[in-house]
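Remarks on the overall topology
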Amino acid sequence: MNTDVGVFIMIEKQRTKMPEQDPKVRATNFDEVALGYTLEMAKKEAERCIQCKNPRCVKGCPVNVNIPDFIAKLVEGDVENAYLSITDTNSLPAVCGRVCPQEEQCEKVCVLAIKGESVAIGRLERFCADAMMDKDIPPEKIEKKNIKAAVIGAGPAGLTCAGDLAKMGFDVTIFEAFHKPGGVLMYGIPEFRLPKSLVEKEIDGLKELGVKFELNTVAGRTYSLKDMFELGYESVFIGSGAGLPRFMKIPGESLNGVYSANEYLTRINLMKAYKEDSTTPIRRTENAVVIGGGNVAMDAARCILRMGSKTALVYRRAMEQMPARNEEIHHAMEEDIQFEMLTNPIEIIGEDGWVKGIKCIRMELGEADASGRARPVPIEGSEFVIPTETVIMAIGTSPNPLISSTTSDLEVNKWGIICTDEETQATSIPGVYCGGDAATGAATVIKAMGAGKNAAMHMAEYMLDKNK
Ligand code: FAD
Ligand code: SF4
């Protein structure tokens, strides 16, 4: 018998609620929706943890945060050491506390979930990170190795890899195509889910560790991989993500008013197009349609809603098949986004070069497809038009082929995903490693971070071996 299970009869079944902005108010602003715990709330929630001897939650975390350890410290009110316990293995806790799909990872396997709600591990992680955000924690003493490593891409994979290498004493430079580091954390996930000031502070932590950033630098254009080795970098990590948007290939996709979710979100988040005084504004329209059912579709829909559009979300499968996090679907519904489920777009209708509407067909669920999910089948004669001036496509992304197309011996599969060794993340080129969305296709922040961590360890071994 699991001895941990018997203890929790006395435990509060429900987790401590986290305050949120009212849906009607937040639908008109870009401020953070979830407001975070107070110390009192955090301690109350932390006290629900029964300190399992075999904590399943730790195994459920892709970077193995010592969850019971940080929670025990929080119960004692020792927030600083709770934070240090988390940052032992997770360099971006304020980010992960907000955007990790905990309900599929640590919280899914938490023993309390058997008879009630799991410990709100993500909310506690967020509390510790936020509470320590402005506190001065003396930097660790690092013995420098005088060995240079390059990281391509400043998303969660690249940032984690760089941070871990810097902690081991390597001289690390990140080459980033955009003018700001952060990857999707900065250009994709909206301010109301992840305030950019927090991402910037977590990146400042890496700068304090000695990580250097070369921004506006495109690997495969500004420097090839070969150039990087010639510049003295002894190993290279590719963390270039999966930022190439897919389209449906239906008529009307080249009309004005059609965006990929990536473009729309980049304009809103990175270029701050939502601000009244933005120097790169975006057209506001009365109506908008977002196509897709994942987190990206939810983010795009909730952004354009805040830009004043009456917004509909069109998804070809059923509600229960949506890949987006339940919390995001719930928030989008509360904000009055109209959900058009089992509906597939077949044509974007235009007038004078601009979008005027989108023609769709209703679907029904048929036999299971290769993914095991019931396949949506069109219902003949059910076509209808949704009037709209904006269409945003959020139906998936693939890795950008720029690096692979300019690096002849870098092996990629038929979807453009860079091939890596499962254990070490080494690519087909000696000394070159890859992780995150570039090596898996679109996935999650924490998986990208886990990959960056693992690659850093193997890059270190490779470089130290070479310098013996
Ligand atoms: P990215 O974050 O994509 O970073 C790659 C970086 O590399 C970028 O900064 C890019 O500019 C740079 N780059 C690309 N090519 C080059 C080049 N040639 N030279 C130099 N730099 C280059 N995951 C979650 O866990 N929770 C969520 O709630 C969530 N929401 C999401 C919402 C949106 C809108 C999107 C798009 C994704 C979301 N994800 C979420 C997925 C998650 O953000 C990604 O899985 C994760 O960011 C992948 O990290 P990465 O470091 O591999 O790539
Ligand atoms: Fe056990 Fe859940 Fe606490 Fe982890 S968070 S130690 S699984 S009660």
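Each chain has its residues counted from 1, running along the sequence as written. The naming scheme follows written order: chains are lettered A onward, ligands numbered 1 onward. It should be noted that, the model being predicted, local features are given only for residues of pLDDT at least 70 and side-chain atom pairs only at 80 or more, the latter also being counted only at that level, while totals for whole chains, interfaces and linings use all residues. With hydrogens and water stripped out, all remaining heavy atoms of the structure feed into the side-chain values.

Before going further, it helps to examine the sheet that holds strand β16 (residues 432-434). Strand pairs in the sheet, formed through backbone hydrogen bonds, run parallel or antiparallel to each other. The criterion for strand pairing is that DSSP finds at least two bridges linking the strands in question. Secondary structure counts use DSSP, requiring at least four H or I residues in a row for a helix and at least two E residues in a row for a strand, with both numbered from the N terminus. Here five strands make up an open sheet; going across it, the order is β3-β2-β1-β4-β16 and the pairing parallel. Whereas interior strands pair on both sides, the edge strands pair on one side only; in this sheet they are β3 (212-214) and β16. The mean inter-strand angle of the sheet, taken between neighbouring strand axes irrespective of direction, is 20°. Of the pairings in the sheet, the one linking strand β4 (residues 235-238) to β16 comprises three bridges and is parallel in character. Residue pairing across strands places I238 opposite C434, the latter belonging to β16. Axes here refer to lines fitted to C-alpha atoms; in helices the fit is confined to the stretch in contact. Angles between the N-to-C directions go from 0 to 180 degrees.

The residue N146 is not glycine, and still its phi comes out positive at about 60°. Among the structural elements, N146 can be located in the loop between α9 (121-132) and β1 (148-152). Burial here depends on accessible area, computed with a 1.4 Å probe over protein chains only, as a share of the maximum for the residue type. Under 20% is buried, over 50% is exposed, and the range in between is partly exposed. On the accessibility criterion, N146 (73% relative accessible area) is exposed. The residue K272 is not glycine, and still its phi comes out positive at about 55°. The topology assignment puts K272 in the loop between α14 (261-270) and β7 (287-291).

Only a single heavy atom is needed: when it lies within 4 Å of a molecule or strand, its residue is near that molecule or strand. Around ligand 2, the surrounding shell consists of C49, I50, C52, C57, P68, C110, V111, V119 and I121. Residue composition of the shell around ligand 2, grouped by class: nine nonpolar, no polar and no charged. Residues are grouped as follows: nonpolar covers Ala, Val, Leu, Ile, Met, Phe, Trp, Tyr, Cys and Pro; charged covers Asp, Glu, Lys and Arg; every other residue, Gly included, is treated as polar.

With that settled, the discussion passes to the domain arrangement of the protein chain. All domain edges in this entry derive from an automatic or database-based domain assignment. Domain parsing of the protein chain yields domain 1 (3-131), domain 2 (148-243 + 398-466) and domain 3 (247-395). Listed by partner, the interface residues are 13 residues for domain 2 and 13 residues for domain 3. Both faces combined, the contact of domain 2 with domain 3 buries some 1,200 Å², and carbon together with sulfur accounts for 57% of it. What counts as buried area is the accessible surface, traced by a 1.4 Å probe, that two parts surrender upon association, with contributions from both included. By the criterion of area lost to domain 3, the three top residues of domain 2 are Y187, F192 and R193, representing 49% of everything that side buries. A salt bridge links E328 to R193; the nearest nitrogen and oxygen atoms lie 3.6 Å apart. Counted as a polar contact is a pair of N or O atoms within 3.5 Å, where, for protein atoms, one must be capable of donating a hydrogen and the other of accepting one, and residues adjacent in sequence contribute only when both atoms are in side chains. If you look at where domain 2 meets domain 3, you find five residue pairs in polar contact (both at pLDDT 80 or more). Taken together, the residues of the side of domain 2 that touches domain 3 sort by class into six nonpolar, three polar and four charged. Note on contacts: a residue pair is in contact if any heavy atoms of the two residues lie within 4.5 Å. Here, a salt bridge means any side-chain nitrogen of Lys or Arg that lies within 4 Å of a carboxyl oxygen of Asp or Glu.

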